[in-house]
Protein chains: 2
Amino acid sequence: MAGRKYQLRKRAEGLDATRERIVEATAALHYEQGVAATSYIQIAERAGVGPATVYRHFPTLGLLVLACGAHINEAMQPPLPENAKTVFAGLGMRQQRLERLAAELDAFYERGAAWLGIAARDRDRVPELDGFLRQVEAGVEALVREAVGAGSSEAMIRLMTALADVSVWQSLKRLEAPPAEFRRTMAGLLDCASGLAAPGHANPA
Amino acid sequence: MAGRKYQLRKRAEGLDATRERIVEATAALHYEQGVAATSYIQIAERAGVGPATVYRHFPTLGLLVLACGAHINEAMQPPLPENAKTVFAGLGMRQQRLERLAAELDAFYERGAAWLGIAARDRDRVPELDGFLRQVEAGVEALVREAVGAGSSEAMIRLMTALADVSVWQSLKRLEAPPAEFRRTMAGLLDCASGLAAPGHANPA
DNA sequence: TATTTCACGAAATAATTCTCTCGTCAATAG
DNA sequence: CTATTGACGAGAGAATTATTTCGTGAAATA
């Protein structure tokens with residue numbers, strides 16, 4: 001009666017399939033309505049499973065969010081601190097590096113701004129969302145640091161990081177400028193910020 | 001049996017008092033938890049009235065939000081398009097006007113950024129919040145227009161308005177710079193933006 | 001004073017949500 | 001083939017919410 005060993009072989013496929021369906025349904029609903037506004041029952045319905053099945057796979061909302069996050073991270077490809085160096089490989093001039101930074105940020109936010117907005121809305125209610133966003137922010141800051149180099153003041157880096165935030169990108173994006181012009185504007189702002197942050201500095205031409 | 005006229009004289013005071021209590025309780029709860037996350041029952045409990053009373057005074061969430069908005073508008077004192085001219089009265093130089101603009105925006109957001117964040121979170125769910133924010137945005141844009149004067153390009157105005165958005169202010173505010181430095185930075189960014197937006201354009205002195 | 005009006009809140013109703021228990025059944029083991 | 005395992009979903013139970021009905025009492029009328 002006790003402990004006959006039981007391996008899930010073919011059953012494991014079906015199991016993973018339902019798990020996948022749940023995660024995708026959750027991601028879709030979170031995208032449409034936000035995280036906190038989505039119920040287990042809605043998820044179950046859209047995934048075509050019973051509520052109990054959702055619970056079995058993800059006993060807490062946090063686990064569900066984590067699974068979604070892993071899923072979404074793949075599509076977003078957020079900047080990773082450990083990759084920051086290679087992004088600017090071979091670029092020596094400050095101007096070039098800032099343009100590269102602007103292009104990198106723009107491409108990332110184009111992929112991920114919508115999701116970042118979703119996550120930000122409930123980050124104070126769902127700790128996992130907060131952790132997720134912190135990682136993203138760390139990646140962005142690493143990009144900024146790498147772009148301006150090691151000799152820069154902390155004040156400059158923090159100011160530029162603030163301007164590199166997704167909220168600023170979103171505000172600028174509403175202007176609907178053509179991509180090339182948009183990135184030029186962003187690089188210009190970052191350049192300007194680097195001048196502003198150092199007191200007693202004039203704006204470099 | 002029909003229609004004897006009945007004036008609420010002394011009763012009107014008590015009536016307004018409960019209405020006021022409801023509005024204040026709502027504002028507090030919206031501030032703490034957000035608009036969409038607050039229930040009628042919570043409001044009734046905090047106001048010390050029955051749920052039915054909340055319904056009688058405000059049959060829909062929209063009416064409740066409008067009443068709150070009027071309340072909050074007084075504390076926020078958002079910039080009004082019709083007052084934009086007087087804000088810059090007597091200031092001729094562009095530099096001075098931009099500093100005034102930065103100071104005005106900073107003071108306003110200091111009063112109202114928290115509420116603007118609350119409203120923005122649910123603006124797509126509650127039409128009244130969207131209308132409220134549109135009005136605020138119109139006031140900010142009017143300030144920007146007045147600051148740079150009539151001869152400026154539309155592109156410049158739109159870029160500066162984007163930078164004048166509350167989301168940018170919030171991102172910069174996290175740096176916790178001293179007030180004077182903060183406003184200098186903001187004015188510098190706006191100045192920079194005016195240069196970026198007009199390729200081959202000189203700004204009017 | 002006697003009567004009418006109406007704001008108020010207790011409580012009822014209906015709808016949703018969360019969360020778990022349990023029987024079913026296909027895949028697995030012997 | 002027979003017995004066992006464990007994923008699944010129907011559905012129950014508890015809790016919370018939205019919304020309304022109705023009796024009460026104080027203010028207003030006459």
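Residues numbered from 1 in each chain as written. Chains lettered and ligands numbered in written order. Predicted model: local features only at pLDDT ≥ 70, side-chain atom pairs only at ≥ 80, totals over all residues. Heavy atoms only, no water.

Residue and element names in this part refer to chain A. By the element assignment, Ala177 lies in the loop between α9 (166–173) and α10 (179–196). Using a relative accessible area of 23% as the deciding quantity, one classes Ala177 as partly exposed. Along the chain, Ala177 and His30 lie 147 residues apart, while their C-alpha atoms are 29 Å from each other. (Helix = DSSP H or I, 4+ residues; strand = E, 2+ residues; numbered from the N terminus. Buried < 20%, exposed > 50% of the residue type's maximum accessible area, 1.4 Å probe, protein only.)

Moving on to the relation of the copies chain B and chain A. Under the fitted operation, chain B is carried onto chain A by 0.0 Å of movement along the axis and a turn of 180°, and the coordinates agree to an RMSD of 0.1 Å. The superposition of one copy onto the other is thereby described by a two-fold rotation axis. Mapped onto chain A, 100% of the interface residues of chain B are again interface residues, and the two copies thus contact each other with one and the same surface. (Least-squares fit on C-alpha atoms with pLDDT ≥ 70 in both. Contact = heavy atoms within 4.5 Å.)

Residues Leu101(A) and Leu101(B) are the most contacted members of the largest nonpolar core, which totals 128 residues. Ignoring any residue separated from it by four or fewer positions in sequence, one finds Leu101(B) in contact with Phe88(B), Leu143(B), Val144(B), Ala147(B), Met160(B) and Leu190(B). (Core = buried A, V, L, I, M, F, W, Y, C linked by side-chain atoms within 4.5 Å.)

Here we take up the confidence of the model for chain A. When pLDDT is low, close inspection of the predicted coordinates is not appropriate. Here chain A averages 92 in pLDDT, and 93% of its residues register 70 or above. Within the model, the stretch residues 200–205 of chain A combines pLDDT values under 50 with six contacts to residues more than four positions away or in other chains. (pLDDT = per-residue confidence, 0-100.)

What follows concerns the packing of α9(A) against helix α9 (residues 166–173) of chain B. Running from N to C, α9(A) and α9(B) cross one another at 155°; their axes reach a closest spacing of 8 Å. Our classification of the angle between α9(A) and α9(B) gives roughly antiparallel. The element α9(A) and its partner α9(B) pack so that their crossing is left-handed. Listed contacts from α9(B) to Ser167(A), Val168(A) and Ser171(A) of α9(A) are Ser167(B), Val168(B) and Ser171(B). Of the residues contributing to the contact of α9(A) with α9(B), the split by class is two nonpolar, four polar and no charged. (Axes fitted to C-alpha atoms, helices over the stretch in contact; angles between N-to-C directions. Parallel < 35°, antiparallel > 145°, perpendicular 65-115°, else oblique. Left-handed = near helix turned anticlockwise from the far one by under 90°. Nonpolar A, V, L, I, M, F, W, Y, C, P; charged D, E, K, R; others polar.)

Further remarks concern the pattern of salt bridges. The final tally for this structure, using the stated rule, is 28 salt bridges over all chains. Between Arg183(B) and Asp106(B) there is a salt bridge, and its shortest N-O distance comes to 2.7 Å. Of this pair, Arg183(B) sits in helix α10 (residues 179–197) while Asp106(B) sits in helix α6 (residues 94–121), and the two are 77 residues apart along the sequence. The exposure class of Arg183(B) is partly exposed, given its relative accessible area of 32%. Look at Asp106(B) and you get buried, because its relative accessible area is 2%. Measuring nitrogen to oxygen at the nearest pair gives 2.8 Å for the salt bridge that ties Asp130(B) to Arg123(B). Taking the relative accessible area as the measure of exposure, Arg123(B) reaches 25% and is therefore partly exposed. When salt bridges with common partners are traced through the structure, they connect Asp106(A), Glu110(A), Lys173(A) and Arg183(A) into a single cluster. (Salt bridge = Lys/Arg side-chain N within 4 Å of Asp/Glu carboxyl O.)

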